[in-house]
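# Coordinate inspection notes
Chain residues, written in single-letter form:
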Amino acid sequence: MRINLGLKLGVLLASFAMLAAGLTGYYSYSASRNMLIDAAESAQLTATQVLARRFSTAVGEAADDAIQLALQPRTQRVGANPDAIGVQADKDALTEQFVALLSANPEYFQIRLISAGMHGLEIVRVDRDGDRLARMHGDELQEKGHYPYVFKTLALGSGEVHFSDIGINHERGAHSGLGQPSLLVATPIRGEQGEAYGLIVVNVDLNGLFGQLRRDLPEAYQVYLTNQRGDFLVHPDDTQTFGFDQGRRILVQDSFAPTAAIVQGQAGQVVTTQATATGGDEVVASFVKHPYGDPLTGQFVIFGLTQPLGGVLRESRELGEAIVQIVIGFSLLAILLAVVTSRAVTEPLKNMVAAVRRFPDDDAMQALPLTRSDEIGVLACSFKDMQTQTRAYLDDLHESRSALAQLASHDPLTGLANRRHFQERLEHAIATSRRTGQALALLYIDLDNFKDINDRYGHASGDLVLQAVAQRLRHTVREIDTVARLGGDEFVILFDAVIGRDDVVRIADKLLAALRQPVLTHGHALKVLASIGISLYPQDGETADALLSHADRAMYHSKTSGRDSYRFFDSLER
């Protein structure tokens, strides 16, 4: 049987159309899959960086708690002479503070005041023991002078903090903390002449802390933490953690080979897609190096997140199935139309293949016969829907990244810039002022007696007060000025383009007046006052750290001089 030219042409055209459809479908699927993986890796790396910053914030809050306890007069009285007549009332008051901090911070195992003498005897100690808080007495108080965190902390200056290595707590009688992964945060207690009376030690529950950090992550994410040698400290499988405490080494670089570059100091972060060490399904893994402890030692930890690659590519698989169905349908249609009229179908097919090939690069499908009512029109609409679904998913990923970036740079309670974001803004403003010669002013604001509000009316009322203070600060200053919350009840304001000292005085008076207005919360009119310290650029410092430090000193001088006032740093030098 002879096959005529028309049939041959129809078969040939149909074959070309089927090949074009298959290649187009494969390329579209491959490009979409790669875009999804790239977007997931980028979003996950951002999430890992946010996790590291939130860990630093949590540890920093523990350090702030320790410093605030160490600087209290009653703490110094107890540390200086723990057996003096009348000091028992101070011990009881400190115990109540320890209990309050442990109640407010479930990630704390223990808070202690340890003497610099008496072989490092514990003077005041409160432990978490299951669901209760236990105060230690008499023989329950132990000598700790032989522990490194004691003599290392006593070698520090006032306000400095020692962070221990993260390890298993083997100290006898530690109650809930015994045998658990923990981090010790300690700061010395020093007198007016610099003499060491003792130290404050906060024992942080590593698992409890990471349990809180893990709550805001998607369920599919797995969290990892290692020390700078790569030993696992946090792992989805608890049997893989603290191997060095059991005489064995379980290293992240053995499970995720690219992390060796971080451990060896050749990279700060890595993202990889690989099978798990047990040979399971592939995962997207991101790891970030994060400084930890004393920056002079170069010590760091490594944070990691993983999520199943299958979850990332779930929509890609659905897209692939849709592409297969579309390609099959298109091929059958091409064969039928090619046999009937090859010339009528050739041109539309060529146009559609060209448009589909441009799909990964164009924002909208071009040159598609969307208005046709036949099968080609249906196919074109299907490709259009495919692109719409892919774009929608990528838009969702972009919104997720934006939300993570917002968390990384802003305080979640007040919406103000956080410490890191403010530091960047201040350094940028200083660089600009160096070029323009324009002065800057930095106002360090600390609320007076804010702890009394928390203790009397609860932390919920305290949060409302902080939000009200933040709103008043924003409304009092100019839009070009930067308002930030450093933590707790401490705020800071950067004033750009300061004309003169009188301009700063006027703003400081307005701020104090605004803050004096009572805050109405839960039926109470709470009176909020503040102490303000002011440093000016360039006369009070030419770096961000210097300006912050000098404004902080001026604020403390204002607080000790009667509160509800402001002081310039240069007035302290006169």
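See above for the structure.
So, a few notes on the structure that sits alongside this text. Bear in mind that the values here come from a model prediction, so they are computed numbers and not experimental data.

When its secondary structure is counted, the protein shows 16 helices and 19 strands. Residues classed as buried in the protein amount to 49% of the 574 residues present. Of the contacts formed within the protein by residues at least 6 apart in sequence, a portion of 61% connects residues at least 24 apart. Of the roughly 28000 Å² of accessible surface on the protein, a fraction of 52% belongs to carbon and sulfur atoms.

This part takes up the pairing of strand β11 (residues 282-291). Most of β11 is tucked away: seven of the 10 residues are buried. The sheet contact formed by strand β10 (residues 269-275) and β11 spans seven bridges and is antiparallel. Considered in β11, the bridge of A275 is made with E282. Inspection of the sheet shows β11 paired to strand β12 (residues 300-308) by nine bridges, in the antiparallel sense. Within β12, the residue paired with A285 across the bridge is T306.

In this section: the nonpolar core. F55, F98, L113, I166, L206 and L225 are the most contacted members of the largest nonpolar core, which has 48 residues in total. For this core, the element with the most residues is helix α1 (residues 5-70), which contributes 11 residues. Ignoring anything within four residues of it in the chain, the contact list for F98 reads L69, I111, R112, L113, V124, V126 and I200.

Turning next to the environment of L520. Note on placement: L520 falls in strand β16 (residues 519-521). For L520, a relative accessible area of 73% gives the class exposed. Distance from L520 to A468, taken between C-alpha atoms, is 9.3 Å for residues 52 residues apart in sequence.

Quick look at the pattern of salt bridges now. The full count for this structure, using the stated rule, is 20 salt bridges. R506 is paired through a salt bridge with D503; the nearest N and O atoms lie 2.7 Å apart. Pair noted here: R506 and D503 are both in helix α14 (residues 501-516), with a separation of three residues, about one helical turn. Each of R112, E122, R125, D127, K144 and E171 takes part in one network of salt bridges that share partners.

Strand order in the open sheet made by the five strands is β14-β15-β13-β18-β19, with mixed pairing throughout. Because the sheet does not close on itself, it has two edges, and the strands there are β14 (482-487) and β19 (566-568). Within this sheet the neighbouring strands show an average axis-to-axis angle of 20°, counted without direction. As paired strands, β14 and strand β15 (residues 490-498) are joined by five bridges and run antiparallel to one another. The partner of G487 across the bridge, within β15, is E490. Lying over the sheet, helix α11 (residues 419-436) contacts β13 (439-448), β14, β15 and β18 (529-537), oriented at roughly 20° with respect to β15.

A few words on α11. For α11, with 18 residues, the first-to-last C-alpha span of 25 Å sits near the 26 Å given by 1.5 Å per residue. Among all positions of α11, only F422, Q423, L426, A429, I430 and S433 are buried. Across the axial projection of α11, the buried residues extend over an arc of 130°, all falling on one side. Exposed residues pointing more than 90 degrees away from the buried face of α11 are listed as H428 and R435. Buried residues along α11 sit in contact with β13, β14, β15, β18 and α15 (544-560).

Among the surface-exposed residues, V324, I328 and L332 lie close enough to one another that they form a single nonpolar patch of about 290 Å² accessible area. For L332, the position within the fold is in helix α9 (residues 314-357).

Next up on the list: unusual backbone geometry. With an omega of 10°, the peptide bond running from Y537 to P538 counts as cis. Mapped onto the elements, P538 comes out in the loop between β18 and α15. A positive phi is found at H119, a non-glycine position, where the angle reads about 60°. Mapped onto the secondary structure, H119 falls in the loop between β1 (108-115) and β2 (122-129). The exposure class assigned to H119 is exposed, which follows from its relative accessible area of 62%. Non-glycine residue D564 carries a positive phi angle of around 50°. Classification of D564 as partly exposed rests on a relative accessible area of 23%.

With that settled, consider the sheet that holds strand β8 (residues 222-226). Pairing is antiparallel across the open sheet formed by five strands, whose spatial order is β9-β8-β12-β11-β10. Only two strands of the sheet have a single partner each, and these edge strands are β9 (232-234) and β10. Taking the axes of each pair of neighbouring strands and ignoring which way they run, one obtains an average angle of 25° across the sheet. Sheet topology note: the β8/β9 ladder contains two bridges and is antiparallel. Bridge assignment links T226 to a residue of β9, and that residue is F232.

For the rest of this paragraph, the subject is the packing of aromatic side chains. Aromatic rings considered in pairs are described by the distance between their centres and by the relative angle of their planes. What the rule picks out here adds up to 10 aromatic pairs. Centroid distance F55 to F210: 5.6 Å. Interplanar angle 40°. Geometry classified as tilted. Linking F55 in helix α1 with F210 in helix α5 (residues 206-214), this pair joins segments that are 155 residues apart in sequence. Seen from their ring centres, Y224 and F232 are 5.9 Å apart, and the 45° between their planes marks the pair as tilted. Each member of the pair, Y224 together with F232, is buried. Among the aromatic residues, those joined into a cluster by ring pairs are Y224, F232, F256 and F287. Lying over the aromatic face of F300, K289 brings its terminal NZ or CZ to 4.5 Å of the ring centre.

Scoring rules and cut-offs
Residues numbered from 1 in each chain as written. Predicted model: local features only at pLDDT ≥ 70, side-chain atom pairs only at ≥ 80, totals over all residues. Heavy atoms only, no water. Helix = DSSP H or I, 4+ residues; strand = E, 2+ residues; numbered from the N terminus. Buried < 20%, exposed > 50% of the residue type's maximum accessible area, 1.4 Å probe, protein only. Contact = heavy atoms within 4.5 Å. Areas by Shrake-Rupley, 256 points an atom, 1.4 Å probe, with all protein chains shown as cover. Pairing = 2+ DSSP bridges. Core = buried A, V, L, I, M, F, W, Y, C linked by side-chain atoms within 4.5 Å. Salt bridge = Lys/Arg side-chain N within 4 Å of Asp/Glu carboxyl O. Axes fitted to C-alpha atoms, helices over the stretch in contact; angles between N-to-C directions. Expected span 1.5 Å × (residues − 1). Arc of directions from axis to C-beta. Patch = residues over 30% accessible without salt bridge, like charges linked within 9 Å, V, L, I, M, F, W, Y side chains within 5 Å. Phe/Tyr/Trp six-rings, centres within 6.5 Å; stacked < 30°, edge-to-face > 60°. Lys NZ or Arg CZ within 6 Å of the ring centre and 35° of its normal.

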